[in-house]
Amino acid sequence: MQPWVRYVICGVAGLALGAGAAVQRVRSGAFGASIAIGPWTTGKDFGTTGADAYTRATVAWRGLLALPAHEVRYYTAAVDSAGAPLDGKCRYRVSGRAVPAKWWSVTLYGDDSYLVPNQANIFSIESAHVPDPAGWAIEVAPAQQAGLWLPTGRVDRFNLTLRAYLPDDGGAGNLTRDQLPSIVKEGC
């Protein structure tokens, strides 16, 4: 085999592997500049002009982080407070205290970054529906629960996105572990 043929084959294989790895990483939704705060992750540069190309590609793919930081801060959890992946066949209690923002919501998404279909047509819980913002809880489960309930649709894996709209600090920083809700598995 001619040496130039080997170079071409190696170059094409390298490009294919590199492109495949980049596409997989963007599709997984893992952000390069992410910060873990308990079970929640967020990015340093979401909604800023300083967002790197990787963050912009992930935002473009998922389409979930479109507003600037001074308007909304995004926090995503794919694991519970013990670090185990969120399972749609299990029951979780998401509980917290007042979120320092004008309005907030918790939305359930499947692994594909789309809303999970469910018979109740409930996809999100917003702060306006919380009876006591100083101390609240949402039951995340496949079967209907008393109180605030977010159905999982019995998917294998899901994630939760907390959006804090018009954050009190103008989006300059992240919420702390004490300000973010805990996610506790109650059973399967």
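Definitions and cut-offs
Residues numbered from 1 in each chain as written. Predicted model: local features only at pLDDT ≥ 70, side-chain atom pairs only at ≥ 80, totals over all residues. Heavy atoms only, no water. Helix = DSSP H or I, 4+ residues; strand = E, 2+ residues; numbered from the N terminus. Buried < 20%, exposed > 50% of the residue type's maximum accessible area, 1.4 Å probe, protein only. Contact = heavy atoms within 4.5 Å. Phe/Tyr/Trp six-rings, centres within 6.5 Å; stacked < 30°, edge-to-face > 60°. Core = buried A, V, L, I, M, F, W, Y, C linked by side-chain atoms within 4.5 Å. Polar contact = N/O pair within 3.5 Å; in protein donor to acceptor, adjacent residues only side chain to side chain. Pairing = 2+ DSSP bridges. Axes fitted to C-alpha atoms, helices over the stretch in contact; angles between N-to-C directions.

Caption draft 1: Focus on the overall build of the chain. Per the secondary structure count, the chain includes two helices and ten strands. Looking at the 188 residues of the chain, the share that counts as buried comes to 38%. Of the contacts made within the chain by residues no fewer than 6 positions apart, 73% connect residues no fewer than 24 positions apart.

Caption draft 2: Up close: the packing of aromatic side chains. Taken as a whole, this structure holds three aromatic pairs when the rule is applied. Aromatic pair Tyr92 and Phe158: ring centres 5.9 Å apart, planes at 75 degrees, arrangement edge-to-face. Of this pair, Tyr92 sits in strand β4 (residues 91-97) while Phe158 sits in strand β9 (residues 158-167), and the two are 66 residues apart along the sequence. You'll find Tyr92 and Phe158 in the same group, each marked buried.

Caption draft 3: Here's a closer look at the nonpolar core. Trp40, Ile138, Val140, Leu150, Leu160 and Ile183 are the most contacted members of the largest nonpolar core, which totals 28 residues. The residues contacting Leu160, other than those within four sequence positions of it, are Trp40, Tyr75, Thr76, Ala77, Leu86, Val94, Val106, Thr107, Leu108, Leu150 and Ile183.

Caption draft 4: Expanded view of the side chain of Thr42. The topology assignment puts Thr42 in strand β2 (residues 40-43). For Thr42, the side chain forms a polar contact with the main-chain oxygen of Tyr74, separated by 2.6 Å.

Caption draft 5: The sheet that holds strand β8 (residues 149-151), seen in detail. With mixed pairing, four strands are arranged side by side in an open sheet as β8-β7-β4-β10. Whereas interior strands pair on both sides, the edge strands pair on one side only; in this sheet they are β8 and β10 (182-187). Here the strands of the sheet are splayed against their neighbours by 25 degrees on average, with no regard to which way each runs. In the sheet, β4 pairs with β10 via five bridges, with the strands oriented antiparallel. If you follow Arg93 over to β10, its bridge partner there is Val184.

Caption draft 6: Structural view of the pairing of strand β1 (residues 34-37). Where β1 meets β2, four bridges bridge the pair, whose relative direction is antiparallel. Among the inter-strand pairings, Ile37 is bridged to a residue of β2, identified as Trp40. Adjacent in sequence and paired antiparallel, β1 and β2 are bridged by two residues, among which Gly38 carries a positive phi angle near 65 degrees.

Caption draft 7: Structural detail: unusual backbone geometry. Even without being a glycine, Ser113 presents a positive backbone phi close to 70 degrees. Tracing the backbone through its elements, the reader meets Ser113 in the loop between β5 (101-110) and β6 (124-126). In this structure Ser113 comes out as buried when scored by relative accessible area, which is 11%. We note that Arg154 has phi near 60 degrees; this positive angle belongs to a residue other than glycine. Mapped onto the elements of the fold, Arg154 is located in the loop between β8 and β9. By relative accessible area, Arg154 is classed as exposed at 51%.

Any functional reading would require information that these geometric values do not contain.
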